[in-house]
Amino acid sequence: MASAAILLAPASWAAAAGIAHPAGRASAPHDLRSNLLAAGLAVPCDAIRLSWIVPDTTATQAFYQVQIADAATRKTAWDSGRVTSNDSIAVPVPAALLQPDRAYTWRVKTWDGAGRGSLWSTPALLITAPRHLGGDAIWASGTDARTPADWALLRRAFTVAVKPVLAWLRVTATSPEAARQFVFRLWLNGTLVGVGPARSPQGDAQPRYATFDVTSLVRSGGNVLASQCYSSDGHAFQAELVLLNADGSRTTVASDNRWRTMDGGRWHVTSGYTGGGFYQAPLEAIDARAEPVGWRDPGFEDRAWRPPLARGTLPAATPEIVEAMVFDALAPHRIDRRGGSVLLDFGKEAVGGLMLRLAGPAGAVVDVRLGEELTETGDVRYQLRCGQTYREFWTLRDGEQDFEHWGYRPFRWAEILLPQGVTLVWARMRSLALPWREEAPFESADPNLDKVRDLCAYSIRATRMDLYQDTPARERGPYEGDAIVNQLSEYAVQRSFALARYSNQYLLSKPTWPTEYRLMAPILAWRDYMATGDDRFLRTHFESMVDTQLIHRINSAGLVEKDPGQSSQAWGDLVDWPKSNRDGFVFCRVNTVVNAWQYAALVALADIATVIGRTDQAATFHRMANRLRDALNAAALLPDGRYRDGIGTGHSSQHATAFAVALGLASDPVAGIAAAYLARQNMLVSVYGSQFLLEALYRGGQADAALALMTSAGESSWRNMIERWGATITMEAWDPSLKPNTTFSHAWATGPVNIIANHLAGVTITKPGAECLRFAPQPGRLAHFRTEVPTIRGPASVAYRGGSAGFLEIGVPANSRADLHFTCPSTAPSVTIHAAGMTRLHKPHAGVINLKDLPPGPCRITWNDTKGSLG
């Protein structure tokens, strides 16, 4: 879209844009974002925050200038002038500046403290949201003209005299809740555009709409919009296509009575539901004999189709705040033809559907089976352990034809049972997920650690849907406990922040049942603020986050006291899941794990209150947190560093100690003692609990024990998932023996990927918006590693090689500062530091190197025991 953005900007911009220079990326600001999105296609004009990565040539920004131009008139809508500021993230655009439902382009230039200026960035597109979504709510009628069909085919042919310079499409539909997936699939001129909408915190009372840039798909002459929709509830579709012409004029094509519709239920027959009991996703018995062939293409004859069924007025829709999901077609990794069946192995599990090209006689029926794993006999296990059944029957018309699932399923394997006379021409998996950009790299001396890290990173990539959810198989439900892990893991591999924010917003409106989960919202929000520097979520949702806490359950001693409740009931204490991974935890009215979460939440609320100017509340929350910490340590902490499960029991589970240390209840000396105790144990927590056990070990200086757990091949390990079960996405539980209804698509087990970034590499954010970082690597026995950790200001890098002649090199992102804390493995009396263009000797204090306020760029520390120092 960069070239189109330049075309829509003033002519003077094109010559000055960074894209015209060979060193454009290095010498101009890049990776521009509006409201955290690379594609700013529906940004509320009164709430715009801009971000960019400062170029290497002005590594510390002292000034910036932003220009915004109207894409229709090509006139400059706003010029900030040269602003004295180092702000490069969450930079606000004046609220009254831009108009709703307009297309703009924006660019930025920066200067360093010496007045050296960068090139102008490549312009980025920014389309503001409309006040109201255009179009009428329509659907297709079923057996009679007044009853909506569940499967709806909708199309609208239109003619364009001259190809527009920009085109964008806004679409919503109701309701995504029943099947917990999208309602529409949309094509323009036969090309799949996307799906939607995302689930809304307010449900159908305030639906979300998706926005797509379709400039490349619109052509002069005949065009057609086509949508295949499924809904068992709501039955409404609303769309608006906006075409911006070269002369600045606009044309819109919206859903109205000129659309043509057809009941799609004879083609895609709902033959039941996939099962499981949590949602109703249809089994698709596709009958190609009823397919209106060519209906998605221009020129299709639709005069026999019906006018649309009017569906009244939908509540005002709001734009999605995450990017639209995208498809990718994946070829099989291996094809095994076995008599009358074909076994397809796609190499890795993904979320999506199966595409087949088959040839055969009309009426022939193909048996299609999908699964996450194989049975002992080598067949696809289509009856998943979690209760879902992925077996459908597809009926051919005569000749060669294409079949494709409409909805999504997580699967790696497909088995096609072909009757006589039917041949498989080709097969693809069409995977679906949010856009994935360049992944943060990692490699180390331990191939098992690399393997586990790759598993966890891919798990995040493959499961990023409209929300963080437990699994796309069994429940498709968002849970705070999943979000608390997924957020850290996504931050560790992608410069991506919007999904975490939206998931927290959704869960504030629709909290789940576990006690601890309901306390997590301020922790998620504080992490968001530290990562992005954007305080708007804190200000908007502060009162809601306070309301989620158990302040009314704090007793006279300062501790949360309540009935433990029951699993799957509101405010039931969870501790860990499944129950088989609770290490005998004894539930008490004063629960150590619940109180640890309440402590962490109170600390987060105090920090949030400080940022938004609620100083009295900040002081109150700090007092409450400190009192809770002191009271619990007095009542539950044992001399050997262990914590009891609660008041009234002598039992000390691994969970009580791990959560207390990870969530900050333990002082640093106690954390060291507790971690030494934990280091002597095996993995007794679940895949979810492992996040906090590993954090506790690193906090207490037990890096080798944490590495041993991450690379273990025991039953409770990530290698067990990979090597015994063939998992390519992390599983819901360590092993099916611990949770018989487990799934192979559950990202809450991705702890190692964020543990490696934040603890092994030791990169953490100490000032909002990654303005300041802390590098505190704990490589332990690991001989060498190299990685990058994304931040909103650009990647932070760490490279390490141990031994008697080794090095540590960190890379501080542009426009950031950093502190370094590192225990050097060298016995040499001094090390050599190369930073900011200078080289100097440094004497570690008791082997510890502490460097403060490092500037952007590389800092390299070298040592050589044989020489005493390395110059």
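Position numbers for residues start from 1 in each chain and track the written sequence from start to end. Per-residue local features are limited, in this predicted model, to residues with pLDDT of at least 70; the limit for side-chain atom pairs, both in listing and counting, is 80 or more; totals at the level of whole chains, interfaces and linings are taken over all residues. With hydrogens and water excluded, all non-hydrogen atoms of the structure serve as input to the side-chain values.

## Things to note about the overall build of the chain
Part 1 of the reasoning: Each helix and strand in the chain was counted, giving 17 helices and 42 strands.
Part 2 of the reasoning: In terms of overall dimensions, the chain is globule-like: its C-alpha atoms have a radius of gyration of 28 Å, near the 29 Å expected for 871 residues.
Part 3 of the reasoning: Each principal axis of the C-alpha distribution contributes one length, and for the chain these read about 85 × 65 × 55 Å.
Part 4 of the reasoning: Burial status follows relative accessibility: with a 1.4 Å probe on protein chains alone, a residue under 20% of its type maximum counts as buried, one over 50% as exposed, and anything between as partly exposed. Taking all 871 residues of the chain together, 62% fall into the buried category. A run of H or I in DSSP counts as a helix once it spans at least four residues, and a run of E counts as a strand once it spans at least two, with each numbered from the N terminus. The globule rule is 2.2 Å times the number of residues to the power 0.38, and the radius of gyration it is compared with is taken over C-alpha atoms.

## Details of helix α4 (residues 447–463)
Part 1 of the reasoning: Relative to the 24 Å expected for 17 residues at 1.5 Å per residue, α4 spans 24 Å between its end C-alpha atoms, a close match to the ideal helical length.
Part 2 of the reasoning: Burial analysis of α4 places twelve of its 17 residues in the buried class, the great majority of the element.
Part 3 of the reasoning: Inspection of α4 places L449, D450, V452, R453, L455, C456, A457, Y458, S459, I460, A462 and T463 among the buried residues, and these make up the whole buried set.
Part 4 of the reasoning: As used in this structure description, the phrase polar contact means that two N or O atoms lie within 3.5 Å; if the pair is within protein, one of them must be able to donate a hydrogen and the other to accept it, and residues adjacent in sequence are counted only when both atoms belong to side chains. The N-terminus of α4 is capped by D446, whose side-chain oxygen sits 2.9 Å from the backbone nitrogen of N448. The span expected for a helix works out to 1.5 Å for each residue beyond the first.

## A word on the sheet that holds strand β13 (residues 184–188)
Part 1 of the reasoning: The strand order β14-β13-β16-β11-β19 describes an open sheet built from five strands, whose pairing is antiparallel. The sheet is open, and its two borders are formed by β14 (191–196) and β19 (260–263), each paired with just one other strand. Averaged over all adjacent pairs, the angle separating strand axes in this sheet is 20°, with direction ignored.
Part 2 of the reasoning: The rule for pairing is simple: two strands pair if DSSP sees at least two bridges between them. With four bridges connecting them, strand β11 (residues 151–160) and β19 associate as antiparallel partners. In this analysis an axis means a line fitted to C-alpha atoms, helices contributing only their contacting stretch, and an angle means the value between N-to-C directions, from 0 to 180 degrees.

## Side note on the packing of helix α8 (residues 521–532) against helix α10 (residues 592–611)
Part 1 of the reasoning: For the pair α8 and α10, interaxial distance at closest approach is 8 Å and the crossing angle is 45°. Our classification of the angle between α8 and α10 gives oblique. In terms of crossing hand, the pair formed by α8 and α10 is left-handed. Residues P522, I523, A525, W526 and Y529 of α8 touch α10, and the partners they reach there are W597, A600, A601, A604, L605, D607, I608 and V611.
Part 2 of the reasoning: The nonpolar class holds Ala, Val, Leu, Ile, Met, Phe, Trp, Tyr, Cys and Pro. Asp, Glu, Lys and Arg form the charged class, and all remaining residues, Gly among them, are polar. Here the contact of α8 with α10 is composed, by residue class, of twelve nonpolar, no polar and one charged. Relative orientations are named as follows: roughly parallel for angles under 35 degrees, roughly antiparallel for angles over 145 degrees, roughly perpendicular for angles from 65 to 115 degrees, and oblique for any other angle. Here a crossing is taken to be left-handed if its near helix is turned anticlockwise relative to the far helix by less than a right angle, and right-handed if that turn runs clockwise. By the convention used here, residues are in contact when the closest approach between their heavy atoms is within 4.5 Å.

## Points about the nonpolar core
Part 1 of the reasoning: Within this scheme, the nonpolar core is defined by two criteria: the residues are buried Ala, Val, Leu, Ile, Met, Phe, Trp, Tyr or Cys, and they are joined through side-chain atoms within 4.5 Å. Counting 163 residues, the largest nonpolar core has W597, Y688, W718 and F775 as its most contacted members.
Part 2 of the reasoning: If near-sequence neighbours (up to four positions away) are discounted, Y688 is found in contact with G481, I484, V485, Y517, M520, V575, D576, W597, F659 and W748.
Part 3 of the reasoning: Ranked by size, the runner-up nonpolar core spans 39 residues in total, among them A290, A350, A364 and I729.

## Thoughts on the side chain of S227
Part 1 of the reasoning: Positionally, S227 belongs in strand β16 (residues 221–230).
Part 2 of the reasoning: Only 3.0 Å separates the side chain of S227 from the backbone oxygen of R185, close enough to count as a polar contact.
Part 3 of the reasoning: Discounting chain neighbours no more than four positions away, the residues touching S227 are A152, L153, L154, F184, R185, L186, W187, F237 and W295.

## Remarks on the packing of α10 against helix α11 (residues 615–636)
Part 1 of the reasoning: The contact between α10 and α11 brings their axes to 8 Å, and the two run at 155°. When the axes of α10 and α11 are compared, the pair comes out roughly antiparallel. Judged by the sense of rotation from one axis to the other, the crossing of α10 with α11 is left-handed. Listed contacts from α11 to T592, N595, Q598, Y599, L602, V603, L605, A606, D607, A609 and T610 of α10 are T615, Q617, A618, F621, H622, M624, A625, L628, R629, L632 and A636.
Part 2 of the reasoning: In terms of residue class, the contact of α10 with α11 is made up of 13 nonpolar, seven polar and two charged.

## Details of the sheet that holds strand β1 (residues 30–34)
Part 1 of the reasoning: Across the sheet, which stays open at both edges, the three strands sit in the order β1-β3-β7 with antiparallel pairing between neighbours. Taken across any chain shown, the strands that pair with only one partner, and hence form the sheet edges, are β1 and β7 (91–92).

## A closer look at the confidence of the model for the chain
Part 1 of the reasoning: For every residue, the pLDDT score states the predictor's confidence, bounded by 0 at the bottom and 100 at the top. Model confidence for the chain is summarised by a mean pLDDT of 95, while 97% of its residues fall at 70 or above.
Part 2 of the reasoning: A low-confidence stretch, residues 18–25 (pLDDT under 50), is modelled with 16 contacts involving residues beyond four sequence positions or located in other chains.

## Here we look at the packing of aromatic side chains
Each aromatic ring pair is specified by the distance between its two centres and by the angle formed by the two planes.
Part 1 of the reasoning: Two aromatic rings, drawn from Phe, Tyr or Trp (for Trp, its six-membered ring), form a pair once their centres lie within 6.5 Å of each other, and the interplanar angle then sorts them: stacked below 30 degrees, edge-to-face above 60, tilted otherwise. One pass over the full model with this rule turns up 33 aromatic pairs.
Part 2 of the reasoning: With 6.0 Å between their ring centres and 85° between their planes, F346 and F411 make a pair best called edge-to-face. A residue pair is termed long-range when its members are at least 10 positions apart, and F346 in strand β26 (residues 341–360) and F411 in strand β30 (residues 409–417) qualify at 65 residues. Of the two residues, F346 and F411, neither departs from the other in class, the shared state being buried.

## Brief notes about the pattern of salt bridges
Part 1 of the reasoning: Counted as salt bridges are all cases of a side-chain nitrogen of Lys or Arg within 4 Å of a carboxyl oxygen of Asp or Glu. All told, the structure shown has 48 salt bridges when counted by the stated rule.
Part 2 of the reasoning: Ionic pairing is found between E404 and R185, a salt bridge with its closest N-O pair at 2.8 Å. Of the two residues, E404 sits in strand β29 (residues 399–404) while R185 sits in strand β13, which places them 219 residues apart along the sequence.
Part 3 of the reasoning: Taking relative accessible area as the criterion, R185 reaches 3% and is therefore assigned buried.
Part 4 of the reasoning: Its salt-bridge partner being R699, residue D668 comes within 3.1 Å of it at the nearest N-O pair. Taken as a pair, D668 in helix α13 (residues 668–679) and R699 in helix α14 (residues 690–699) lie far apart in primary sequence, 31 residues in all.
Part 5 of the reasoning: If you follow the salt bridges from partner to partner, you end up with R49, R501, D528, D534, D535, R536 and R539 in one network.

## Considerations on the environment of E301
Part 1 of the reasoning: Here E301 is to be found in the loop between β21 (282–286) and β22 (309–310).
Part 2 of the reasoning: On the accessibility criterion, E301 (45% relative accessible area) is partly exposed.
Part 3 of the reasoning: Taking the C-alpha atoms as reference points, E301 and G203, 98 residues apart in sequence, are found 37 Å from one another.

## Digging into the pairing of strand β37 (residues 805–812)
Part 1 of the reasoning: When you tally the buried positions in β37, you get six out of eight residues, the bulk of the element.
Part 2 of the reasoning: Across five bridges, strand β36 (residues 796–801) lies against β37 in antiparallel orientation. Bridged to R801 within β37 is F807.
Part 3 of the reasoning: If you look at the hairpin formed by β36 and β37, you'll find three residues sitting between the two strands, and G803 has a positive phi there, around 95°.

## With respect to unusual backbone geometry
Part 1 of the reasoning: With an omega dihedral of -5°, the bond running from G196 to P197 counts as a cis peptide bond.
Part 2 of the reasoning: Its place among the elements puts P197 in the loop between β14 and β15 (208–213).
Part 3 of the reasoning: Between W577 and P578 the backbone carries a cis peptide bond, its omega angle lying at 5°.
Part 4 of the reasoning: If you trace the backbone, P578 turns up in the loop between α9 (536–547) and α10.

## Considering the side chain of S503
Part 1 of the reasoning: Inspection of the secondary structure assignment puts S503 in helix α6 (residues 498–509).
Part 2 of the reasoning: Among the polar contacts listed, one links the side chain of S503 to the backbone oxygen of L499, at a separation of 2.9 Å.

## Concerning the environment of R357
Part 1 of the reasoning: In this fold, R357 is placed in strand β26.
Part 2 of the reasoning: In contact with R357, not counting residues within four places along its chain, are E400, Q401, D402, T423, L424, V425 and W426.
Part 3 of the reasoning: Side chain to side chain, R357 and D402 meet in a polar contact 2.7 Å long.

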